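Chain and residue survey
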Amino acid sequence: VDTPVYDFIEAYKASGMSRFHMPGHKGAGFSGCEDADITEIEGADVLYGACGIIARSQDNAARLFSAGQTFYSTEGSSLCIKAMLMAVLMDARQNKHGSYGGEYILAARNVHRAMVDACALIGIDADFIMPGRYINRCTNICSGMVTPQDIENYFLNLGKNGRKDYPVAVYITSPGYLGDIAATRDIAAVCEKYNVPLIVDNAHGAYLAFLGKNGTDGGSLHPIKLGAAMCCDSAHKTLPVLTGGAYLHISPRYKERYAAYVQRALALFGSTSPSYLILQSLDLCNRYIADGYNKKLEICINLASEVKEYLIHTGIDVLDTEPLKIVIDAAASGYTGHEAGQEMRRYKIACEYADMQYVVLMVSPCNSPADFENIKRWGQDTCLVKNKRERLVFPAIFTEKPCRCMPVRKAVFSPSEIIRAEDSAGRICASETVSCPPAVPVAICGEIIDENMVSLFRMYNIENVCVVSL
Ligand SMILES: Cc1ncc(COP(=O)(O)O)c(C=O)c1O
């Protein structure tokens, strides 16, 4: 696989040109990477109208991911999500798939805030599926994977859900922050049956395309392989790519339908100054993937499984998750995830995320054997085993389906005020209430804040919330 962006930048660095263009550092500066930090100069292509080196590099990525077309984002999956939603909306309007004005996205409730932000910006409404099994059971906002049956039930009961038309797309988040994975293939089959495209927030799952043995994609669990119309992958979350680097993939079947809209939408929401450091990093990652990433991934997954087995053997509760996450249920041993995360720091382990219940460690082939040894050293000594306590029990976060009384956009753009979270029950949420990570909203704009949400604000140390003015 060639690396046209990297090669161009290397040649430019060596050319000795006087830089009378942006950025202002002119190739030298404080952090040492400035010489590769160029802008869209002659020959460097244009990200949102790519036809040169960036287009070639994106084509390389599309081939590696078996996509019909791949777009780079230097602003994470957050930008890709906005572009995907706009593309399905524009397509629906163009082809009158939905009746204009009644368009909406059907989404699982465990969405990242970027999806809700996208609804506000684009002005598309959303229905959030709240499966019955979460009511009175679910204890964590990151949980909420929907099943194919949940989607089918929604379609079968459109009228009862207050809708006349099918949604312009179904939107799922998989893998979730706690490493759970949806039955994407079967969900895609339900969507196909009802002729509704499936969009997947695969921010945590770029690597899933490379699970196949010996460089084949036979074992791929990537959404594009499983029937999604489009998905976003945060390359930076699981691949060796600089923070901000992401892909928007369109499946071969949907390329004709969506590619032009996606390109327009990326330009609409993205910066006109994309980072070439990130583009170069995405470009180089293609070669990294092509040069035996499958094998490296396999070795890494084996190491991670071994560590998980080890922890389970010592008596630690480890969740059954996607292979590149190690998710520890600290509450099962009587400790909060925060406490376990703090204890890990003493063993030189910095976690991705900790909350009242869980600690999440994200693994990649770039972790060293010493990193895995540190986890084992922690596992040997941890108070979760040596001083195990009664399980911590948490109340269900939803005792009923959250009540929505306004579309997302209307709530976001209504006159609003900031009030104490403690006093917010009964008010309409007007701005994302998230702790980051995981950035899964406790209350979604347009929902009436209930007592359960107020308890969650407390749990996530959210002190103030923005609500629609009375
Ligand atoms: C599930 C999920 N979706 C989307 C995003 C946004 O991705 P990015 O940070 O690449 O913009 C995140 C970020 O953490 C995420 O966890």
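Up top is the structure these notes are about.
Below is a summary of the structure that appears in this document. (Residues numbered from 1 in each chain as written. Predicted model: local features only at pLDDT ≥ 70, side-chain atom pairs only at ≥ 80, totals over all residues. Heavy atoms only, no water.)

Before going further, it helps to spend a moment on the overall build of the protein. Secondary structure summary: the protein contains 16 helices and 12 strands in total. Taking 2.2 N^0.38 as the reference for a compact globule, 470 residues should give roughly 23 Å; the C-alpha atoms of the protein span a radius of gyration of 23 Å, in line with that estimate. Overall size of the protein, expressed as C-alpha extent along the three principal axes, is 65 × 60 × 45 Å. Burial statistics for the protein: of 470 residues in total, 57% are counted as buried. Sequence-distant contacts, at least 24 apart, represent 71% of the contacts inside the protein between residues at least 6 apart. Of the accessible surface of the protein, which amounts to about 19,800 Å², a share of 51% is contributed by carbon and sulfur atoms. (Helix = DSSP H or I, 4+ residues; strand = E, 2+ residues; numbered from the N terminus. Rg over C-alpha atoms; globule rule 2.2 N^0.38 Å. Buried < 20%, exposed > 50% of the residue type's maximum accessible area, 1.4 Å probe, protein only. Contact = heavy atoms within 4.5 Å. Areas by Shrake-Rupley, 256 points an atom, 1.4 Å probe, with all protein chains shown as cover.)

Inspection of the region around the ligand gives 13 residues, with Ser78, Asp201, His204, Ser234 and Lys237 positioned closest. Here an oxygen atom of the ligand and a backbone polar atom of serine 77 are 2.8 Å apart. Within the side chain of serine 234, a nitrogen or oxygen atom sits 2.7 Å from an oxygen atom of the ligand. Within the complex, the protein chains bury 87% of what would otherwise be the 390 Å² of accessible surface of the ligand. (Near = heavy atom within 4 Å. Polar contact = N/O pair within 3.5 Å; in protein donor to acceptor, adjacent residues only side chain to side chain.)

What follows covers the sheet that holds strand E3 (residues 125–129). Sheet strands pair by backbone hydrogen bonding; their relative direction is either parallel or antiparallel. An order of E1-E7-E6-E5-E4-E2-E3 is seen for the 7 strands of this open sheet, with the pairing classed as mixed. The strands lining the two open edges of the sheet, one partner per strand, are strand E1 (69–73) and E3. Within the sheet, the average angular offset between the axes of one strand and its neighbour, ignoring direction, is 20°. Bridge count for E1 against strand E7 (residues 246–250) is 5 bridges, and the pairing is antiparallel. In the sheet register, phenylalanine 71 faces E7, and the bridge partner there is leucine 248. Along the sheet, helix H4 (residues 113–122) contacts strand E2 (104–108), E3 and strand E4 (169–173); its crossing angle with E3, the most-contacted strand, is approximately 150°. Contacts from helix H6 (residues 184–193) reach E4 and strand E5 (198–201), with the element oriented near 150° to E5. (Pairing = 2+ DSSP bridges. Axes fitted to C-alpha atoms, helices over the stretch in contact; angles between N-to-C directions.)

Strand order in the open sheet formed by 3 strands is E8-E10-E9, and the pairing between neighbours is antiparallel. Each end of this open sheet is capped by a strand with a single partner; those strands are strand E8 (325–329) and strand E9 (353–354).

Mapped onto the fold, proline 395 is located in the loop between helix H14 (383–386) and helix H15 (408–412). Classification of proline 395 as exposed rests on a relative accessible area of 55%. With 55 residues separating them in the primary sequence, proline 395 and aspartate 450 have C-alpha atoms 14 Å apart. The contacts of proline 395, once residues within four sequence positions are left out, are Cys138 and Thr139.

Along the chain, aspartate 329 falls in strand E8. Judged by its relative accessible area of 9%, aspartate 329 falls in the buried class. There is a polar contact of 3.2 Å between the side chain of aspartate 329 and the backbone nitrogen of alanine 331. With residues up to four places along the chain from it excluded, the contact list for aspartate 329 reads Asp317, Leu319, Gln357, Tyr358 and Arg391.

Before going further, it helps to spend a moment on the packing of aromatic side chains. Inspection of the entire model under this criterion finds 13 aromatic pairs. Taking the centre distance of 6.4 Å and the plane angle of 75° together, the rings of tyrosine 154 and phenylalanine 155 count as edge-to-face. Both rings, one in phenylalanine 210 and one in tyrosine 293, keep their centres 5.5 Å apart while their planes meet at 75°; by these two values the pair is edge-to-face. In this pair, phenylalanine 210 is assigned in the loop between E5 and helix H7 (223–226) and tyrosine 293 in helix H11 (residues 293–314), connecting sequence segments 83 residues apart. The exposure class of phenylalanine 210 is buried, given its relative accessible area of 4%. By relative accessible area, which is 0% here, tyrosine 293 ends up buried. (Phe/Tyr/Trp six-rings, centres within 6.5 Å; stacked < 30°, edge-to-face > 60°.)

A few words now on the packing of helix H3 (residues 76–95) against helix H9 (residues 255–269). Remark: H3 packs on H9, axes separated minimally by 8 Å, with the N-to-C direction vectors making an angle of 130°. By the angle class used here, H3 and H9 are oblique. Crossing handedness for the pair H3 and H9: right-handed. Along its contact with H3, which presents Leu79, Lys82, Ala83, Met86, Ala87, Val88, Met90, Asp91 and Gln94, the element H9 presents Arg257, Tyr258, Tyr261, Val262, Arg264, Ala265, Leu266, Leu268 and Phe269. Class assignment of the residues belonging to the contact of H3 with H9 gives a composition of 13 nonpolar, 1 polar and 4 charged. (Parallel < 35°, antiparallel > 145°, perpendicular 65-115°, else oblique. Left-handed = near helix turned anticlockwise from the far one by under 90°. Nonpolar A, V, L, I, M, F, W, Y, C, P; charged D, E, K, R; others polar.)

Note that arginine 19 resides in the loop between helix H1 (4–15) and helix H2 (53–64). Buried within the structure, arginine 19 lacks any salt-bridge partner; its nearest side chain of opposite charge belongs to aspartate 35, at an N-O separation of 6.2 Å. Leave out the neighbours within four places in its chain, and arginine 19 touches Tyr12, Lys13, Lys26, Gly27, Glu34, Asp35, Asp37 and Ile38. (Lys, Arg positive; Asp, Glu negative; His and termini not counted. Salt bridge = Lys/Arg side-chain N within 4 Å of Asp/Glu carboxyl O.)

Turning next to the pattern of salt bridges. Considering all chains together, one arrives at 22 salt bridges under this definition. A salt bridge links aspartate 127 to arginine 163; the shortest N-O distance between them is 3.1 Å. Within this pair, whereas aspartate 127 is found in strand E3, its partner arginine 163 is found in the loop between helix H5 (148–156) and E4, the two being separated by 36 residues in sequence. Just as aspartate 127 is buried, arginine 163 falls in that class too.

These results come straight from atomic positions and should not be treated as a statement about function.
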